[in-house]
Amino acid sequence: MEGDVVVRKLKLQVQITVDGFVGGPEGQLDWMTWNHSDELIAFINHLTDTSDTILLGRKMTPGFVSYWESVKPDSPEYTFAQKMVGMQKVVFSRTIDRVDGKNIRVHKGDVVEGVKAIKGQSGKDVVVYGGATFVSSLLDHNLIDELNLLVNRTAIGSGLRILCGREPLKLQSSKQYPCGVVVSTYRTA
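What counts, and at which threshold
Residues numbered from 1 in each chain as written. Predicted model: local features only at pLDDT ≥ 70, side-chain atom pairs only at ≥ 80, totals over all residues. Heavy atoms only, no water. Pairing = 2+ DSSP bridges. Helix = DSSP H or I, 4+ residues; strand = E, 2+ residues; numbered from the N terminus. Axes fitted to C-alpha atoms, helices over the stretch in contact; angles between N-to-C directions. Contact = heavy atoms within 4.5 Å. 1 Å grid on protein atoms, 1.4 Å probe; cavity = no way out; pocket = protein on both sides within 12 Å on 5 of 7 lines; lining within 4 Å. Points joined across faces, edges and corners; volume = space filled by probe spheres on them. Nonpolar A, V, L, I, M, F, W, Y, C, P; charged D, E, K, R; others polar.

**Student:** Which parts of the structure should I look at to understand the sheet that holds strand β3 (residues 88–92)?
**Tutor:** In sheet architecture, strand pairing relies on hydrogen bonds along the backbone and comes in two forms, parallel and antiparallel. Judged by pairing direction, the sheet is mixed, and its 8 strands sit side by side in the order β4-β3-β2-β5-β1-β6-β8-β7 without closing on themselves. With one partner strand each, in any of the chains shown, β4 (104–107) and β7 (169–176) form the two edges of the open sheet. Shown here is a sheet whose adjacent strand axes are inclined to one another by a mean of 25°, direction ignored. Of the pairings in the sheet, the one linking strand β1 (residues 10–16) to strand β5 (residues 125–130) comprises 3 bridges and is parallel in character. Looking across to β5, one finds that Leu-10 is bridged to Val-126. Docked against the sheet, helix α3 (residues 78–86) engages β2 (51–57), β3 and β5, running at close to 60° with respect to β3. Contacts from helix α4 (residues 111–120) reach β1, β2, β3, β4 and β5, with the element oriented near 165° to β3.

**Student:** Explanation requested: the layout of surface pockets in the structure shown.
**Tutor:** Any empty space left between atoms is shown by rolling a water-sized probe over those atoms. In this model, the largest pocket occupies a volume close to 1,600 Å³. For the largest pocket, the lining is made up of 45 residues, of which Met-60, Phe-64, Tyr-129, Gly-130 and Gly-131 are closest to its centre. When contributions to the lining of the largest pocket are tallied by element, the ones reaching two or more residues are β1, α1 (38–49), α2 (61–69), α3, α4, β5 and α5 (132–140). When residues in the lining of the largest pocket are grouped by element, the largest group, 5 residues, is from α5. Of the residues that constitute the lining of the largest pocket, the class distribution is 24 nonpolar, 16 polar and 5 charged.

So, in structure tokens, the structure goes:
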């Protein structure tokens, strides 16, 4: 209908332990499954291909950017890396003005207003990868529409969480992949 505002979905993609942690106590990621099956890679590619913007918190941005921008053409990750490099990235920070890298801008204003403005722009959906504090803030403000939790078959006992309070979610789908990861997709209530 003419005049209707189309709101893009904000989708979270995150690896998580069976006991609900997205990182160890100091952000360690040594528990993650990196040997993904072809089917899981296809799922991740679909999430990426249906999005045109990535939201990131300040703390995880340097590692994210340097990792994807350094993938060499002979790597099996090269095609996906080029997607990551080519997509628009918005880094939310109160402390920095710029981030080195391709297709990156910094948003220093209010997180809620900034995310709502991005969701209100025309385009594909928006994906957020983290970090934990940033994602928790987005969840606290009911800004994430879809959670894609890549549940690893590991428990670590303590660490960083993104779900810290009561959060009513509606299960949309759940699928186990041959590599052992279970992807559960939830919508916020």
